Amino acid sequence: MNRLRPNMAAPSQASLEQLAGRQRVNLTPGHSLMDWIRLGREKGDLSGVGSKKRDVTLQELGQHNTENDIWMAIKGKVYNITPYMEFHPGGISELMRAAGADGTQLFEEIHSWVNVESMLSKCLVGPLVLDDPNAPHRSILFTKKKMSIAAPTFLPPPVLPDEQPSPTYDWYQSEEEVKLDIYTKHNKVPNNYVVVDISSNEVIVEVYVKEYTYFVHFKPLEKVEDTCNVTTHQKDANTHVKVEIALRKKTPMQWSSLGTTLKLDKTFIRTKFAENRFWHWMVVSNSFVTHDTRLIGLKSPPGTRMLVPLGYHFIIHHKVEGMELARSYTVVLPSLKEQDITSQNDKMIYLMIKRYQGGALSPWITSIKPGEKVKINRFDGTFEMESLEDITHLIMLAAGTGFTSMIRPIYHILYDRPSNAQTIKMKLLFYNKAEKDILWREQLDELANHYDNFTAIYCLSNEVPDGWTSYTGRVSSEHIRSHVPKPSDKVKPLVLVCGQFAFNDTVNCMLRAQGLKAEHIHTFSSTT
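The following paragraphs examine the structure supplied in this document. A quick note: this is a predicted structure, and the numbers were derived from the prediction, not measured. (Residues numbered from 1 in each chain as written. Predicted model: local features only at pLDDT ≥ 70, side-chain atom pairs only at ≥ 80, totals over all residues. Heavy atoms only, no water.)

What follows is about the overall build of the protein. Looking only at helices and strands, the protein has 12 helices and 29 strands in total. By the burial criterion, 48% of the 528 residues in the protein qualify as buried. The contacts of the protein with a sequence gap of at least 6 include a subset with a gap of at least 24, amounting to 71%. Accessible area of the protein: about 25900 Å², with a carbon and sulfur share of 49%. (Helix = DSSP H or I, 4+ residues; strand = E, 2+ residues; numbered from the N terminus. Buried < 20%, exposed > 50% of the residue type's maximum accessible area, 1.4 Å probe, protein only. Contact = heavy atoms within 4.5 Å. Areas by Shrake-Rupley, 256 points an atom, 1.4 Å probe, with all protein chains shown as cover.)

With that settled, the discussion passes to the sheet that holds strand β8 (residues 168-173). Pairing in this open sheet of 4 strands is antiparallel, and the strands run β8-β9-β14-β13 from one edge to the other. Two strands bound the open sheet, and with one partner strand each, they are β8 and β13 (224-233). If you compare each strand with its neighbour and ignore which way they point, the axes differ by 20 degrees on average. One ladder, built from 7 bridges, connects β13 with strand β14 (residues 242-249); its direction is antiparallel. Looking at the pairing, V230 lines up with I245 of β14. (Pairing = 2+ DSSP bridges. Axes fitted to C-alpha atoms, helices over the stretch in contact; angles between N-to-C directions.)

Take H393: it is sitting in strand β24 (residues 393-399). Considered as a pair, H393 and P485 are 92 residues apart in the sequence and their alpha carbons are 8.0 Å apart. Among residues more than four places away in sequence, those in contact with H393 are I424, K425, P485, V491, K492, P493 and L494. Separated by 2.8 Å, the side chains of H393 and T392 make a polar contact. (Polar contact = N/O pair within 3.5 Å; in protein donor to acceptor, adjacent residues only side chain to side chain.)

Among the nonpolar cores identified, the biggest contains 79 residues, and W36, L120, I182, V205, I245, F314 and L325 are the most heavily contacted of them. With 41 residues, the next largest nonpolar core counts L295, L428, W468 and C498 among its residues. (Core = buried A, V, L, I, M, F, W, Y, C linked by side-chain atoms within 4.5 Å.)

Phi is positive for K185, close to 60 degrees, though the residue is something other than glycine. Of note, K185 is situated in the loop between β9 (177-183) and β10 (194-198). The exposure class assigned to K185 is partly exposed, which follows from its relative accessible area of 33%. We note that D390 has phi near 60 degrees; this positive angle belongs to a residue other than glycine. For D390, the location among the structural elements is in the loop between β23 (373-380) and β24.

Before going further, it helps to examine the pairing of β24. Judged by how many residues are buried, β24 sits mostly within the fold: 7 of 7 residues are covered. Note: β24 against strand β25 (residues 425-434), 7 bridges, orientation parallel. Across the sheet, I395 pairs through a bridge with K427, a residue of β25. Relative to strand β28 (residues 493-498), β24 runs parallel, the two being bridged by 6 bridges. Residue pairing in the sheet places I395 in a bridge with V495 of β28.

Okay, the pattern of salt bridges next. Within this structure, the stated rule accounts for 14 salt bridges. With its nearest N and O atoms 2.3 Å apart, the salt bridge here joins E206 to R277. With E206 in strand β11 (residues 203-209) and R277 in the loop between β16 (268-270) and β17 (278-290), this residue pair connects regions lying 71 residues apart in the sequence. Residue classification places E206 among the buried positions, given a relative accessible area of 0%. By relative accessible area, which is 15% here, R277 ends up buried. Ionic pairing is found between D292 and K354, a salt bridge with its closest N-O pair at 4.0 Å. (Salt bridge = Lys/Arg side-chain N within 4 Å of Asp/Glu carboxyl O.)

If you trace the backbone, D102 turns up in the loop between α4 (92-96) and α5 (104-111). Of the side chains with opposite charge, K75 comes closest to the buried, unpaired D102, at an N-O distance of 10 Å. There is a polar contact of 2.6 Å between the side chain of D102 and the side chain of T104. (Lys, Arg positive; Asp, Glu negative; His and termini not counted.)

These values are about where atoms sit, not about what they do.
Right, here's the structure in full:
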């Protein structure tokens, strides 16, 4: 998500150094995620109130709001955050935004995929209650300016008609098939925004409409096959999309009804408030990309139809020493070579993951073997395909595994777009510590040699070999001035940025100084 506000003034060159990297927090030695897990295991209880949990009133919660004493309520439970402060990658200042208050809203905006009950289980003080024990239990929603009471407790807010009209659906049949027609009432619902799960007892359909999810959920009257065909219909860009899902009957016959509706049916809810659903994808392959980075192929479970949109990521969950952790990984392709993609089936996804020494999840997942399974929940992301339309230049600035966010845009422009897409000038500025760290360099160089409109430029910050003729050091204003064109009536650039927090913020500040606005920049979530 782009961190810069649209109305934020472009920084001067003199202020770039001050602004750049402001989000980065360098954790001191002994304060990694694995160190936090070990601390909880060794101490047993970090709440400061002992193992017996108790109710916490609003008044008591509000008294714990200093850097030396932080309590915070999240999803109806109060945690003593004080022991965790030096382990938090976002720094103490981020935690202070909800010190002595309910941080649920803030948590959902930034860390909705984190299992907070597992992460902070040793810090639990007890449930949050109103000062009046006889009053109905209500939550307190955190805002930057004030706290306000709202009921009921942590239930998703109702969907208002003027926010987004709810989709509807109908069904019809032939002897061999049952078809669901979902009327989205929206004009931007791509085919890959539809997830279908088919089992012997139920069918669950999720359709993503802007920030919302619409569910169709039923037990079929009779058995259906575990595959389906999903198509989207739209007369033109201004008309609403209709999603058609064809289910094949195991036994040809006429049904008297679709079946029995189940709990999620016709639910329309903000996606971030929807109950987490999990899938277990099977590892099919695990191969080296570089000395410390792997390409892992995963196959979807039987009955699951899930195509991950370009620029989106999967969130992987895994228990480490009893604590459930989660990490997001961008979905990539098995290759940048066209012939390697056309033979792939739509049941596969690929992740490119770097192994970090002392990391919490990466040592496990980079060592995973074919046949093992990975627990994931629904895909997530903010990238919009429309941003790749009507552009003249696509400039990509990636640091390390931030390159994973650039793989599918490169492939899309070169192979999926009409032939005139090759007139879009593409340039990748790829920043690494050493030459051995450059991911898919051979493939990138082949593309640069084959396509006149694609250029790959490399920059090394540490181990620079003799004879190296490209950039050295870190990203600079000179790089931006040399390779990012200023917008004009004839020049319409899109700049994609992905790296760690410091890299992303530095690049964003430099781009604003170059005259680019928010609509010209998309910053992917920071890599770990």
